[in-house]
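Structure assessment
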Amino acid sequence: MRETAREMARAVRLGERSARSCVELSLETIARLDRTISAFVHVDEAGALRAAEEIDSRRDSGRAVPPLAGVPIAVKDNICIEGLPTSCGSRILDGHISRYTATAVRRAREAGCIIIGKTNLDEFGMGSSTEHSCHGPTRNPWDRERTSGGSSGGSAAAVAAGMVPIALGSDTGGSIRQPAAFCGVVGFKSTYGMVSRFGLVAFGSSLDQIGPIATNVDDVEMLFEAISGPDQKDATCLEGEARGGRHDPGMEDGGPRIGVPREFFQAGLDPVIENLILTVLGELARDGAEIIELDIPLLDASIPVYYLISAAEASSNLSRFDGVRFGARIEGEPSADAMIRATRTAGFGDEVKRRIMLGTFALSAGYHDAFYGQASGMRHRMGEELARAFAAVDVLVGPTTPTLPFELGERLQDPLAMYLSDTYTVAANLAGLPAISIPAGHARGLPIGLQIMGPRLGDDLVFDVARAAAATPSCRDAAERLSSWPDGSADQGAAE
Ligand code: GLN
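The structure contained in this document is the topic of the report that follows. Because the structure is predicted, anything quoted here is derived from the model rather than measured. Residue positions are counted from 1 within each chain, in the order its sequence is given. Reporting in this predicted model follows two pLDDT cut-offs: at least 70 for local features of residues, and 80 or more for side-chain atom pairs to be given and counted; totals over whole chains, interfaces and linings ignore these cut-offs and use all residues. Hydrogens and water molecules were not included; the side-chain quantities draw on all heavy atoms of the structure.

Considering the overall build of the protein
A count of helices and strands for the protein gives 17 helices and 13 strands. In summary, the protein has a C-alpha radius of gyration of 21 Å against a globular reference of 23 Å for 496 residues, a match within 12%. Expressed as lengths along the three principal axes of its C-alpha atoms, the size of the protein is roughly 70 × 55 × 50 Å. Contacts: residue pairs with any heavy atoms within 4.5 Å of one another. Summarising the internal contacts of the protein: among those between residues at least 6 apart in sequence, 76% fall at separations of at least 24. With an accessible surface of roughly 18500 Å², the protein has 51% of that area assigned to carbon and sulfur atoms. Only four residue types enter the tally: Lys and Arg on the positive side, Asp and Glu on the negative side, with His and both chain ends excluded. Taken as the charge location is NZ of Lys, CZ of Arg, CG of Asp or CD of Glu. Taking the 48 positively charged and 66 negatively charged side chains of the protein as two groups, their mean positions are separated by 4 Å. Runs of H or I in DSSP of at least four residues are treated as helices and runs of E of at least two as strands, each being numbered from the N terminus. The quantity called the radius of gyration is restricted to C-alpha atoms. Its globule counterpart is 2.2 Å times the number of residues to the power 0.38. Surface exposure here means Shrake-Rupley accessible area, sampled with a 1.4 Å probe, where a residue is shielded only by the protein chains that are shown.

A look at the sheet that holds strand 13 (residues 446-453)
Pairing in this open sheet of eleven strands is mixed, and the strands run 1-3-2-6-8-7-12-13-11-9-10 from one edge to the other. Every interior strand has two partners, whereas the edge strands, strand 1 (40-43) and strand 10 (290-294), have only one. The average undirected angle you get between the axes of adjacent strands in this sheet is 30°. Examined bridge by bridge, strand 12 (residues 435-443) and strand 13 share eight bridges and lie antiparallel to one another. Pairing of A443 across the sheet is with L446, part of strand 13. Axes here mean lines fitted to C-alpha atoms, for a helix over just the part in contact, with angles spanning 0 to 180 degrees between N-to-C directions. Its contacts with the sheet put helix 2 (residues 19-37) on strand 1, strand 2 (72-76) and strand 3 (114-119), and the angle it makes with strand 3 is roughly 20°. Of the strands in this sheet, strand 1 and strand 3 are in contact with helix 3 (residues 45-60), which crosses strand 3 at around 160°. When DSSP finds at least two bridges between two strands, those strands are taken to pair.

A few points about the pairing of strand 10
Successive side chains on a regular strand alternate, one facing one side of the sheet and the next facing the other. Summarising the sheet, strand 9 (residues 257-261) and strand 10 pair through five bridges and their orientation is parallel. Looking at strand 10, one finds that I258 is bridged to I291. Here, the term right-handed applies to a crossover whose path from the first strand over the helix to the second runs clockwise when the strands point away from the viewer. For the handedness criterion, the β-α-β arrangement of strand 9, helix 8 (residues 271-286) and strand 10 is classed as right-handed.

Re a nonpolar patch on the surface
Distance thresholds for patches are 9 Å for like charges and 5 Å for nonpolar side chains (Val, Leu, Ile, Met, Phe, Trp, Tyr), applied to residues having over 30% relative accessible area and no salt bridge. Put simply, a salt bridge is a Lys or Arg side-chain nitrogen that is within 4 Å of an Asp or Glu carboxyl oxygen. A contiguous nonpolar surface patch, about 270 Å² in accessible area, is contributed by F361, Y367 and F371. Positionally, Y367 belongs in the loop between helix 11 (350-363) and helix 12 (369-392).

Re the site of the ligand
Around the ligand sit 15 residues in total, of which T172, G173, S175, Y306 and R355 are the nearest. A distance of 2.9 Å separates an oxygen atom of the ligand from a polar backbone atom of G127. If the ligand stood free it would expose 290 Å²; the protein chains cover 100% of that surface. Note on definitions. A residue lies near a molecule or strand when any single heavy atom of the residue is within 4 Å of it. Between N or O atoms, a polar contact is any pair within 3.5 Å; within protein, one atom must be a potential hydrogen donor and the other a potential acceptor, and residues adjacent in sequence are included only when both atoms are from side chains.

Some points on the nonpolar core
Counting residues in hydrophobic clusters, the biggest one holds 147 residues, and the most contacted among them are F124, I436 and I452. The contacts of I452, once residues within four sequence positions are left out, are V395, L396, V397, P434, A435, I436, V462, V465, A466 and A469. Side-chain atoms within 4.5 Å link the members of a nonpolar core, which is a set of buried Ala, Val, Leu, Ile, Met, Phe, Trp, Tyr and Cys residues. Three exposure classes are used, based on accessible area relative to the maximum for each residue type with a 1.4 Å probe and protein chains only: buried under 20%, partly exposed in between, and exposed over 50%.

Observations concerning helix 11
Multiplying 1.5 Å by the residue count of a helix minus one yields the expected span of that helix. Helix length check: helix 11 (14 residues) gives 20 Å between terminal C-alpha atoms against 20 Å at 1.5 Å per residue, within 8%. Residues E351, V352, R355, I356, G359 and A362 constitute the buried set of helix 11. The buried side chains of helix 11 occupy one side of the element, clustering within an arc of 135° when seen end-on. In helix 11, the exposed positions that point more than 90 degrees away from the buried face belong to D350 and M357. At its buried positions, helix 11 is contacted by helix 9 (302-317), helix 10 (336-347), helix 12 and helix 13 (415-419). Note: the arc covers the axis-to-C-beta directions of the helix.

Let's talk about the packing of helix 2 against helix 3
Between helix 2 and helix 3, the shortest axis-to-axis distance is 8 Å and the interhelical angle comes to 160°. Of the possible angle classes, the one that applies to helix 2 and helix 3 is roughly antiparallel. Side by side, helix 2 and helix 3 meet where A19, R20, V23, E24 and L27 of the first sit next to E45, A48, L49, A52, E53, I55 and D56 of the second. Gly falls in the polar group here, along with every residue not listed as nonpolar (Ala, Val, Leu, Ile, Met, Phe, Trp, Tyr, Cys, Pro) or charged (Asp, Glu, Lys, Arg). For the contact of helix 2 with helix 3, a count of residues per class yields seven nonpolar, no polar and five charged. In these notes the angle categories are as follows: under 35 degrees is roughly parallel, over 145 is roughly antiparallel, 65 to 115 is roughly perpendicular, and the rest is oblique.

Some words on the packing of helix 4 (residues 103-110) against helix 7 (residues 217-227)
Contact pair helix 4 / helix 7: the axes reach a minimum separation of 8 Å and the direction vectors enclose 110°. Overall, the two elements helix 4 and helix 7 adopt an arrangement that is roughly perpendicular. Every pair of crossing elements has a handedness; the one defined by helix 4 and helix 7 is right-handed. Residue-level contacts link A104, R107 and A108 of helix 4 to L223, A226 and I227 of helix 7. For the contact of helix 4 with helix 7, the class distribution of residues is five nonpolar, no polar and one charged. In a left-handed crossing the near helix is turned counterclockwise from the far helix by less than a right angle, and in a right-handed crossing that turn is clockwise.

Section: the state of the cysteines
Our working definition of a disulfide is a cysteine sulfur pair at a distance within 2.5 Å. In this structure the tally under the stated criterion is zero disulfides. Between C22, a free cysteine, and C113, which holds the nearest cysteine sulfur, the sulfur-to-sulfur gap is 11 Å. Residue classification places C22 among the buried residues on the basis of a relative accessible area of 1%. The closest cysteine sulfur to the non-disulfide-bonded C80 is located on C88, 7.0 Å from its own sulfur.

Section: the pairing of strand 6 (residues 166-171)
In terms of residue burial, strand 6 counts as a mostly covered element, since six of its six residues are buried. Sheet topology places strand 2 next to strand 6; three bridges connect them, and they run parallel. In the strand pairing of strand 6, V75 is matched with L168. Bridge count for strand 6 against strand 8 (residues 209-214) is six bridges, and the pairing is antiparallel. Across the sheet, residue D171 finds its bridge partner in strand 8, namely Q209.

If you want it as structure tokens, here you go:
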């Protein structure tokens, strides 16, 4: 049985174990397993041991230690930490060292978390498999020939393999939830504005959120509580009074009203996933939940709307990578223009170039209204449809992904097939809603995720329903498999 972050922090607080021993366990597990998984792109062994020493001496001298003291955390490599490299999985940031620390990381540290290192991702977060990383792919701990998902595949795989109990990822269209589903762990994206984006390298600014990944709902909520809150450094971060009160699903008197959109159960969904999700819904109904089927027709437009808007924002955000201020530069060109062109040509990978071209086209004079304008209008209407649905139900539930983790290489030549991995996750980003993926079971030895989406500011409600879902027999079975995972497969890793 592996320790949760909460148990680990408690043991450190009570002096039953040292923060140093937590860090050493993490470093040993990385040394043993990451050769075949490749979750980390940078391990900060010296920094982690130093931070552990500080916590240990603080506790030994009788001073209070914070709630997550001693818990090792992995951070996705598009989140800045002063003094450490930030690659964003891109050659264009080769050699770049961050000069400041993201607010979410600062807060995690203040809560006692110890940064172990930076994890792999698709270049600038663009992808669903980590295959679009200049560092190569992160392999799925449950089957090394398959993807860990993406773009936060490194963070999800690191947690699943027990290298760290918790990690930070970022989610623009599903990049926390989809890899969490593929790796059999829990991943949460909050209401837009609950977590500061300061220090997160921007992909689609109106969609991006930093969020937690862990083995269980309680740890995810605890890390979320630690990193969220108003921040002067991010104008889109919600102020205190705008953060709203607790939504009560009324679990005591009859359980939550769970909406099941038919759009989440159409062609393209693997029947083994459909069956498992329906089983969990049945188990929730037996526990008192009311299951309500409904139609939210604009969900069907999620993928085209998301890929237009996110690419448009990315094309603008990525204009700052010009070889002048950050990272790599191609020298010896005759003019500044030529230097910028050569640097961007050599520095960006194919998927990033595809998005920049698509986004630039969608925003260009003469096409703006037909593409970006249309997509923005659809986004707005989709948000209204979802808000109407939440007048009748507490949460929406469905699968996190339409398929099981796919094989490495399987979708690399087919961008559309890759984009369809995000079919069920992008709506929460477009509408700014909170959503979580929890492990719901396994098929063919591979994990399956269940997604719970809540109304705006219904983050607590999502956690409450997630805990109820995690208590069903199917989800409990998935959690037990994860808890005993490394013992079964660690040998496989060592033998390879
Ligand atoms: N897979 C989606 C994309 O490629 C989502 C990425 C993300 O959430 N960062 O855009």
